[in-house]
Amino acid sequence: MVFNTHFALAEEYDLCQSQIDEYQNNGHILLRNVIPESEIAELRTSVLRSHEALKHEEEDFQKAFRITQNLWEINDTVRAHVLSKRYAGIAAKLLGCRDVRIYHDLTFFKEGLGKGKPTPWHQDGHYWPLDTDGCITLWVPLIDCPVDMGPMSFVSGSHLNKNAEHLPISEESDEYIRNLVEKENLSVAPAQHMNAGDATFHSCWTYHAAASNTTDRTRIAFAIAYYDADAKVPIEPPTNERRAANLARWFPGAVPGGPAATEKNPAVLFPHD
């Protein structure tokens, strides 16, 4: 048996205190060269193949993007990235916790030529069934992603509230958050050009959106969602159908008030704790 050891994925990312402060103040940050250049092509190929293998499970969110989830369970290269200490180390430092666990991974494919519609403003926290605010998502394009391909915009500081928690991603959430931004004069960080391997990290409570993809290529992006390794499952039942479905799917066997730690949620930095 031949093993690809992916040495670059074990190399610590040079994250400074000012970047940690930026994330904790704003609820989002763009970091360059998170995925080592030597690893991008293989990951892209593996993500495309795995997405195709999971095509029967694909979800299309209002023509804004197409997703498949938990590719790491069927592909060794994707698994090496999802369980990379390099990425998890960034997530843990930004959150200020000792370790992170995997919630799930997912693709974000947005069609070109305007077929990939704008992604409405929303808070991911609507979907997260955990008793912690220590939730963070790494989002990385696997091809160069100019602004007109639809990278994400964020509302800085919005992670400090849960005003849109009750709304799933929709035209309603988009209108609600746009009104909040205008009424409260909130600061919008516009989308920036991202090279393949650059990554944004955002809190599950940060308002975010993406424009339509008007290029002639599909936006190929991949994400890994992490949370504080010491998080628990809420004692109270899930407050909406998507949280209930996600609790059953991503935390099988977990009990209310108990640790959010199943075989689907490995700790990454200290896997034997």
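A brief look at the structure comes next.

1. Considering the overall build of the chain
Argument step 1. Of regular secondary structure, the chain possesses six helices and eleven strands.
Argument step 2. Taken over the C-alpha trace, the chain has a radius of gyration of 18 Å; the compact-globule value for 273 residues is 19 Å, and the two agree within 12%.
Argument step 3. Each principal axis of the C-alpha distribution contributes one length, and for the chain these read about 55 × 45 × 45 Å.
Argument step 4. Burial status across the chain gives 56% buried among its 273 residues.

2. Details of the nonpolar core
Proteins that are soluble and globular tend to have nonpolar side chains buried together.
Argument step 1. Judged by nonpolar contacts, the single largest core of 59 residues is most densely connected at Val34, Leu94, Phe201, Phe222 and Tyr226.
Argument step 2. Apart from the residues lying within four places of it in its own chain, the contact partners of Leu94 are Leu15, Gln19, Ile20, Tyr23, Gln24, Ile29, Ile136 and Phe201.
Argument step 3. Within the second largest apolar cluster, 14 residues are counted, among which are Leu130, Cys135, Ala231 and Val233.

3. Things to note about the sheet that holds strand E7 (residues 152-156)
Argument step 1. The strand order across the open sheet built from four strands is E5-E10-E7-E8, with neighbouring strands paired in antiparallel fashion. In this open sheet, the two edge strands, each paired with only one partner strand, are strand E5 (119-122) and strand E8 (187-189). Strand-to-strand, the axes of this sheet are offset by a mean angle of 20°, without reference to chain direction.
Argument step 2. Strands E5, E7 and E8 of the sheet are contacted by helix H5 (residues 171-184), whose axis makes an angle of about 55° with E5.

4. Some thoughts on the pairing of strand E6 (residues 135-141)
Argument step 1. The element E6 is extensively covered by neighbouring structure, given that seven of its seven residues are classed as buried.
Argument step 2. Neither face of E6 is open: one carries Cys135, Thr137, Trp139 and Pro141, the other Ile136, Leu138 and Val140, and all of them are buried.
Argument step 3. Sheet topology note: the E6/strand E11 (residues 219-228) ladder contains seven bridges and is antiparallel. Among the inter-strand pairings, Pro141 is bridged to a residue of E11, identified as Ala221.
Argument step 4. Bridging between E6 and strand E9 (residues 199-203) involves four bridges; their strand directions are antiparallel. Among the inter-strand pairings, Thr137 is bridged to a residue of E9, identified as His202.

5. Description of the environment of Lys162
Argument step 1. Here Lys162 is to be found in the loop between E7 and H5.
Argument step 2. Judged by relative accessible area, which is 37%, Lys162 ranks as partly exposed.
Argument step 3. Separated by 37 residues in sequence, Lys162 and Gly125 have C-alpha atoms that sit 8.0 Å apart.
Argument step 4. Not counting the four nearest positions on each side in its chain, Lys162 is found in contact with Gln123, Asp133 and Trp205.

6. Here we look at the environment of Thr119
Argument step 1. Turning to its location among the elements, Thr119 is positioned in strand E5.
Argument step 2. Residues Thr119 and Val100, spaced 19 residues apart in sequence, show a C-alpha to C-alpha distance of 27 Å.
Argument step 3. Contacts of Thr119, omitting those with residues within four sequence positions, involve Ala64, Phe65, Lys110, Ile169, Ala209 and Ala210.

7. Quick notes on the side chain of Thr200
Argument step 1. Note that Thr200 resides in strand E9.
Argument step 2. Setting aside its immediate chain neighbours within four residues, Thr200 contacts Ile29, Leu30, Thr137, Leu138, Trp139, Met152, Phe154 and Met194.

8. Observations concerning unusual backbone geometry
Argument step 1. Backbone geometry at Leu113 places phi at a positive 60°, although glycine is not the residue there.
Argument step 2. For Leu113, the position within the fold is in the loop between strand E4 (100-110) and E5.
Argument step 3. One non-glycine residue with positive phi stands out, namely Asn185, at about 55°.
Argument step 4. Here Asn185 is to be found in the loop between H5 and E8.
Argument step 5. Residue classification places Asn185 among the exposed residues on the basis of a relative accessible area of 69%.

Scoring rules and cut-offs
Residues numbered from 1 in each chain as written. Predicted model: local features only at pLDDT ≥ 70, side-chain atom pairs only at ≥ 80, totals over all residues. Heavy atoms only, no water. Helix = DSSP H or I, 4+ residues; strand = E, 2+ residues; numbered from the N terminus. Rg over C-alpha atoms; globule rule 2.2 N^0.38 Å. Buried < 20%, exposed > 50% of the residue type's maximum accessible area, 1.4 Å probe, protein only. Core = buried A, V, L, I, M, F, W, Y, C linked by side-chain atoms within 4.5 Å. Contact = heavy atoms within 4.5 Å. Pairing = 2+ DSSP bridges. Axes fitted to C-alpha atoms, helices over the stretch in contact; angles between N-to-C directions.

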